[in-house]
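Residue-level structural notes
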Amino acid sequence: MLVGITGTPGTGKTSVTLQLEKKPGYQIIHLNELIREEKLYCEVDAERDCVVADMDLVEQRVMEKVDSSSPVIILDSHLSHHIADIVIVLRASPDKLRERLKIRNYSENKIQENLEAEALDVILFESVEWCDKVFEIDTTNQTIEETITDIEEIISALLKGQDEELMVKYKPGSVDWSEEFFANMHL
Ligand code: ADP
Ligand code: MN
């Protein structure tokens, strides 16, 4: 079973998947690292300090890397909903996201761009549009361990075919930061 963990940068995808990687039964593919290492991009956007991934090539490499003996393969990336049909979208309030992104060496522009994307639910919308099953976890007031517990609950229900019951608890669109975010914006 292939599961994508997606979400705006800073929502915690890599932190949680690095922990899950230590447990048996999971194969984790850190997509952003793979894209960088194998140069799976078609363009470098110097102005926005990022690369434009060649998603056909990325998907092809993911399929080659999948270890079919592993019951669960997890993709870690804000691009994973382009590939997986089952996705977990991690969310964090823009205030919390700002705190988390500040620790990185992100420019103010790049921070703002990400906060806006989170407030507008960009990745959630794409996921709902493209994927069969979408679960949402609000990490704003959670520890990394609590987020991992939620992810494991979702995955174990999926493996048992009982995920319908969790659709309420992890219903996409449960959070809405837009009011708080745009009220604080000085237009
Ligand atoms: P991403 O891979 O989504 O860009 P990272 O995992 O690199 O995000 O960064 C998330 C940051 O948020 C880390 O500094 C992590 O310690 C922190 N964090 C705080 N709470 C959580 C949580 N509940 N889940 C995941 N990360 C969290
Ligand atoms: Mn990451």
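The structure under discussion appears in the preceding block.
Right, let's walk through the structure included here.

What counts and what doesn't
- Residues numbered from 1 in each chain as written.
- Chains lettered and ligands numbered in written order.
- Predicted model: local features only at pLDDT ≥ 70, side-chain atom pairs only at ≥ 80, totals over all residues.
- Heavy atoms only, no water.
- Pairing = 2+ DSSP bridges.
- Helix = DSSP H or I, 4+ residues; strand = E, 2+ residues; numbered from the N terminus.
- Axes fitted to C-alpha atoms, helices over the stretch in contact; angles between N-to-C directions.
- 1 Å grid on protein atoms, 1.4 Å probe; cavity = no way out; pocket = protein on both sides within 12 Å on 5 of 7 lines; lining within 4 Å.
- Points joined across faces, edges and corners; volume = space filled by probe spheres on them.
- Phe/Tyr/Trp six-rings, centres within 6.5 Å; stacked < 30°, edge-to-face > 60°.
- Lys NZ or Arg CZ within 6 Å of the ring centre and 35° of its normal.
- Nonpolar A, V, L, I, M, F, W, Y, C, P; charged D, E, K, R; others polar.
- Parallel < 35°, antiparallel > 145°, perpendicular 65-115°, else oblique.
- Left-handed = near helix turned anticlockwise from the far one by under 90°.
- Contact = heavy atoms within 4.5 Å.
- Patch = residues over 30% accessible without salt bridge, like charges linked within 9 Å, V, L, I, M, F, W, Y side chains within 5 Å.
- Areas by Shrake-Rupley, 256 points an atom, 1.4 Å probe, with all protein chains shown as cover.
- Salt bridge = Lys/Arg side-chain N within 4 Å of Asp/Glu carboxyl O.
- Near = heavy atom within 4 Å.
- Polar contact = N/O pair within 3.5 Å; in protein donor to acceptor, adjacent residues only side chain to side chain.
- Sits in = over half its atoms within 2 Å of the grid points.

Here we take up the sheet that holds strand β7 (residues 133–138). In spatial order, the strands read β2-β5-β1-β6-β7; together these five strands make up an open sheet with parallel pairing. Unpaired on one side and paired on the other, β2 (26–30) and β7 mark the two borders of the sheet. Mean inter-strand twist for the sheet, computed between neighbouring axes without regard to direction, equals 20°. Bridge analysis of strand β6 (residues 86–91) against β7 gives six bridges, and the strand direction is parallel. Along β7, the bridge assignment pairs I86 with K133.

Moving on, we come to empty space enclosed by the protein. For the structure on display, the rule yields one cavity of 30 Å³ or more. Here the largest cavity is characterised by a volume of approximately 30 Å³. If you trace the largest cavity, you find it lined by T8, V89, R91, A117, E118, D121, V122, I123 and L124. If you list the elements that add at least two residues to the lining of the largest cavity, you get β6, α5 (108–119) and α6 (122–130). With three residues, the top contributor of residues to the lining of the largest cavity is α6.

Aromatic ring pairs are described here by two measures, namely the spacing of the ring centres and the angle between the planes. Inspection of the entire model under this criterion finds one aromatic pair. The interplanar angle of 85° and the centroid separation of 4.9 Å between the aromatic rings of F181 and F182 together place this pair among those described as edge-to-face. The aromatic ring of Y106 is capped on one face by K110, whose charged end is 4.6 Å from the ring centroid.

Of the volumes computed, that of the largest pocket is approximately 1,400 Å³. As for the largest pocket, its lining consists of 44 residues, of which P9, N32, H78, Y106 and N114 are closest to the centre. Where the lining of the largest pocket is concerned, the elements lending two or more residues are α1 (13–20), α2 (31–37), β3 (41–45), β4 (50–53), α5, α6 and α7 (144–160). The residue inventory of the lining of the largest pocket, partitioned by class, reads 15 nonpolar, 17 polar and twelve charged.

Bringing the packing of α1 against α7 into the picture now. Geometrically, a packed helix pair is captured by the angle between its two axes and the distance between the axes. Axis separation between α1 and α7 bottoms out at 10 Å; the angle between their running directions is 70°. Accordingly, the angle class assigned to the pair α1 and α7 is roughly perpendicular. Considering only the axes of α1 and α7, their crossing is right-handed. Contacts between α1 and α7 pair S15, V16, Q19 and L20 from the former with I144, T147, I148, I151 and E152 from the latter.

Taken together, L120, V122 and F182 make up a surface patch of nonpolar side chains, about 230 Å² in accessible area. You can see F182 is positioned in helix α8 (residues 178–183).

For ligand 1, the set of nearby residues contains 15 residues, the closest of which are G10, K13, T14, S15 and R104. Take G10: an N or O atom from its main chain is 2.8 Å from an oxygen atom of ligand 1. K13 is positioned with one of its side-chain polar atoms (N or O) 2.7 Å from an oxygen atom of ligand 1. In isolation ligand 1 has 570 Å² of accessible area, and contact with the protein removes 76% of it. Here ligand 1 is seated within the largest pocket. Among the elements of the structure, α1 and α7 are those that each provide at least two residues to the shell around ligand 1. If one sorts the elements of the shell around ligand 1 by residue count, α1 sits on top with four residues. Its residues assigned to classes, the shell around ligand 1 comprises three nonpolar, nine polar and three charged.

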